[in-house]
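Structural overview
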Amino acid sequence: MKPVINEFPSADGLWSGIRLATDANVEGAIVVAQGAIRWVGARSALPAEFAGLKPHDGGGALVTPGLVDCHTHLVYGGQRANEFAMRLAGATYEEVAKAGGGIVSSVRATREADEDTLFAQAAPRLEQLLADGVCAIEIKSGYGLSLEHERKQLRVARRLGEAYGVTVRTTFLGAHALPPEYAGRANGSGDYIDLVCNEMLPALAAEGLVDAVDVFCERIAFSLAETEQVFKAAKALGLPVKLHAEQLSDMGGAALAARYGALSCDHIEHLSAEGIEAMRRSGTVAVLLPGAYYTLRDTHLPPIAALRAAGVPMAVSTDHNPGTSPALSLLLMVNMACTLFRLTVPEALDGVTVHAARALGLHDTHGAIAPGMPANFVLWNVREAAELAYWFGQQPVRAVVRQGRIAIGGNA
Ligand code: NIG
Ligand code: FE
């Protein structure tokens, strides 16, 4: 497939006729040089040396940093609308999983698809997310569950980043579910985790396919001890960890992850006070996933007030996956983080920019508009920032500058 990025015009020059979300009452200006932010501030304070640069008129648009979707399972085969129907008829997520559906059914479909097929299926989903102003995205493996098929997923993730000129962070989630060929074996789970730690992870890391390592720590997935085994293997390779933690029950996963300096703990509906304190001490980001909460019709809210009181940074993400969150709009997640989880608008917007970048270890390059950082920002057709959380189902993007190129709205 021919890379899309080569067709995007350079964003170099002087962007004016914009209002920075940080100070929306005055005209702002952004200077982009060689794909990076050179200067940002009020138009009235623009140094004279930049005034003659190639002009880009924002038409009064509001500007925020490019959005960061810090938790997705974007690459997989098939879809699982049938399970949606089963749950509507009364089955729980855990019952669907035990009946042979759930993650394992996506594993079957992912194993059957070749790399080009997976790319072709994931690309339109990525395009939807990018249309909302996403400039960096995490993509997890975890639907292959063997060296060959996890490699295939991660390679597709890398290819998507190259083709679309979007920052992709790959996360190895080999410990997502027990593959069918290990189920029913005497020590199936232990044997599989040994394979994950001793063979799959080292091989994929050596191929440069792994930016971070994740585990699904849950009653229906892997135990605390198995999670720690994976974390040790990651640390031995110098890779950061993150965790699907306390989604369905309090396993104590967040405290463990914090001990390993985790970038983030994600879901966390059942996070305990001890977990919050451990995350605060380690600077671990709490990633909130309202799409999964909503799809599963969960009623157990994550402890937002306690996280806020502790000063734990909160990020918001789609958790795009075929089972529990077939969401393709990060802005819709901003709306849901406010309505369902009671985040304030500034919290929700920080959650898809600066804190999401931190959850990926990308805070030096993403989530803010600051001199020296690559140019990633979005021009929105709204008057005030609160509208980004208020409207839902609307696509207010006017233009997107991604990695120093005008990826959307190229005539701006
Ligand atoms: O983030 N919680 C585990 N993993 C995914 C769901 C995966 C699936 O059901 O396919 C999640 O919600
Ligand atoms: Fe997830």
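Coordinates for the structure precede this section.
All of the points below concern the structure found in this document. Residue positions are given per chain, counted from 1 along the sequence in the order it is written. Here every chain gets a letter starting at A, and every ligand a number starting at 1, in the order they are written. In view of the model being predicted, local features appear only for residues whose pLDDT reaches at least 70, and side-chain atom pairs are presented and counted only at 80 or more, with totals across whole chains, interfaces and linings using the full set of residues. Working from all heavy atoms in the structure, the side-chain values ignore hydrogens and water.

A short note on the overall build of the protein
Looking only at helices and strands, the protein has 15 helices and 15 strands in total. For the protein, the C-alpha radius of gyration of 21 Å lies close to 22 Å, the compact-globule estimate for 412 residues. Here the C-alpha coordinates of the protein stretch approximately 75 × 45 × 45 Å along the principal axes. For every residue, the accessible area (1.4 Å probe, protein chains only) is compared with the maximum for its type, and the residue is labelled buried under 20%, exposed over 50%, or partly exposed between those bounds. Here the protein holds 412 residues, and the buried ones make up 58% of them. Going along the chain from the N terminus, every DSSP run of H or I of four or more residues is numbered as a helix, and every run of E of two or more is numbered as a strand. As a reference, a globule follows 2.2 Å times the number of residues to the power 0.38, and the radius of gyration itself is taken over C-alpha atoms.

Regarding the sheet that holds strand 5 (residues 67–69)
At least two DSSP bridges between two strands are required for those strands to pair. The sheet built from eight strands is open, its strands ordered 5-6-7-8-9-10-11-12 with parallel pairing. Each of the sheet's edge strands pairs with one partner strand only, and the pair in question is strand 5 and strand 12 (314–316). Each adjacent strand pair in this sheet contributes to an overall mean axis angle of 25 degrees, direction not counted. All axes are obtained by fitting lines to C-alpha atoms, using only the stretch in contact for helices, and the reported angles, taken between N-to-C directions, cover 0 to 180 degrees.

Considering the packing of helix 4 (residues 115–130) against helix 5 (residues 147–164)
Two quantities define a packed helix pair, namely the angle between the helix axes and the distance between the axes. One way to put it is that helix 4 packs onto helix 5 with a least axis distance of 10 Å and a crossing angle of 50 degrees. Taken together, helix 4 and helix 5 sit at an angle that is classed as oblique. Handedness of the crossing formed by helix 4 with helix 5: right-handed. Along its contact with helix 4, which presents Glu115, Asp116, Leu118, Phe119, Ala122, Ala123, Leu126, Glu127 and Leu130, the element helix 5 presents Lys152, Arg155, Val156, Arg159, Leu160, Ala163 and Tyr164. Gly falls in the polar group here, along with every residue not listed as nonpolar (Ala, Val, Leu, Ile, Met, Phe, Trp, Tyr, Cys, Pro) or charged (Asp, Glu, Lys, Arg). Residues belonging to the contact of helix 4 with helix 5 are distributed by class as follows: ten nonpolar, no polar and six charged. Every angle not falling under 35 degrees, over 145, or within 65 to 115 is termed oblique; those three ranges are roughly parallel, roughly antiparallel and roughly perpendicular. Put simply, a crossing is left-handed when the front helix is turned counterclockwise from the back one by less than a right angle, and right-handed when it is turned clockwise. Any two residues whose heavy atoms approach within 4.5 Å are treated as being in contact.

Regarding the environment of Cys70
Mapped onto the fold, Cys70 is located in the loop between strand 5 and helix 1 (81–88). For Cys70, a relative accessible area of 0% translates into the label buried. Here the alpha-carbon distance between Cys70 and Arg358, two residues 288 residues apart in the chain, equals 9.0 Å. Dropping the residues within four chain positions of it, Cys70 is found in contact with Glu138, Lys242, Val287, Ala315, Ser317, Ala356, Ala359 and Leu360.

Focus on the nonpolar core
The tendency in soluble globular proteins is for nonpolar side chains to be buried side by side. In terms of nonpolar packing, the biggest core is built from 98 residues, with Ile137, Leu160, Phe172 and Leu343 touching the most fellow members. Per-element accounting of this core gives the leading share, eight residues, to helix 6 (residues 188–206). Excluding anything up to four places from it in sequence, Phe172 contacts Ser141, Glu150, Leu154, Val196, Met200, Leu201, Leu204, Val210, Ala212, Val213 and Asp214. To define a nonpolar core, start from buried Ala, Val, Leu, Ile, Met, Phe, Trp, Tyr and Cys residues and group those joined through side-chain atoms within 4.5 Å.

What to know about the site of ligand 1
Being near a molecule or strand, for a residue, means having at least one of its heavy atoms within 4 Å of it. Close to ligand 1 lie 15 residues, the nearest being Arg80, Tyr93, Tyr143, Asp319 and Thr324. Any pair of N or O atoms that falls within 3.5 Å is considered a polar contact. Within protein, one atom must be able to donate a hydrogen and the other to accept it, and sequence-neighbouring residues count only if both atoms are side-chain atoms. Interatomic distance of 3.0 Å between a side-chain N/O atom of His244 and an oxygen atom of ligand 1. Take Thr324: an N or O atom from its side chain is 2.7 Å from an oxygen atom of ligand 1. Only the protein chains shown count as cover for residues, with accessible areas throughout obtained via the Shrake-Rupley method and a probe of 1.4 Å. Alone, ligand 1 offers 320 Å² of accessible surface; in the complex the protein occludes 100% of this. Looking at the shell around ligand 1, its residues break down into four nonpolar, nine polar and two charged.

Some remarks on the state of the cysteines
Any pair of cysteine sulfurs within 2.5 Å is marked as a disulfide. The full count for this structure, using the stated rule, is zero disulfides. In this structure Cys70 is not part of a disulfide, and its nearest cysteine sulfur, from Cys265, lies 12 Å away. Looking at Cys265, it has no disulfide partner, and the nearest cysteine sulfur is the one in Cys217, 9.7 Å off.

With respect to the environment of Glu228
Note on placement: Glu228 falls in helix 7 (residues 224–236). Along the sequence, Glu228 and Val215 sit 13 residues apart, while their C-alpha atoms lie 9.3 Å from each other. Once you skip the residues sitting within four places of it in the chain, Glu228 turns out to touch Leu256, Arg259 and Tyr260.

Quick notes on the pairing of strand 10 (residues 264–267)
Here four bridges tie strand 9 (residues 241–245) to strand 10, and the two strands are oriented parallel to one another. Across the sheet, the residue bridging to Ala245 is His267, located in strand 10. A clockwise course of the path from the first strand over the helix to the second, judged with the strands pointing away from the viewer, identifies a crossover as right-handed. A crossover links strand 9 with its parallel partner strand 10, the connecting element being helix 8 (residues 253–259), and its sense is right-handed. Read from strand 10 through helix 9 (residues 273–282) to strand 11 (residues 285–288), the crossover connection turns out right-handed.

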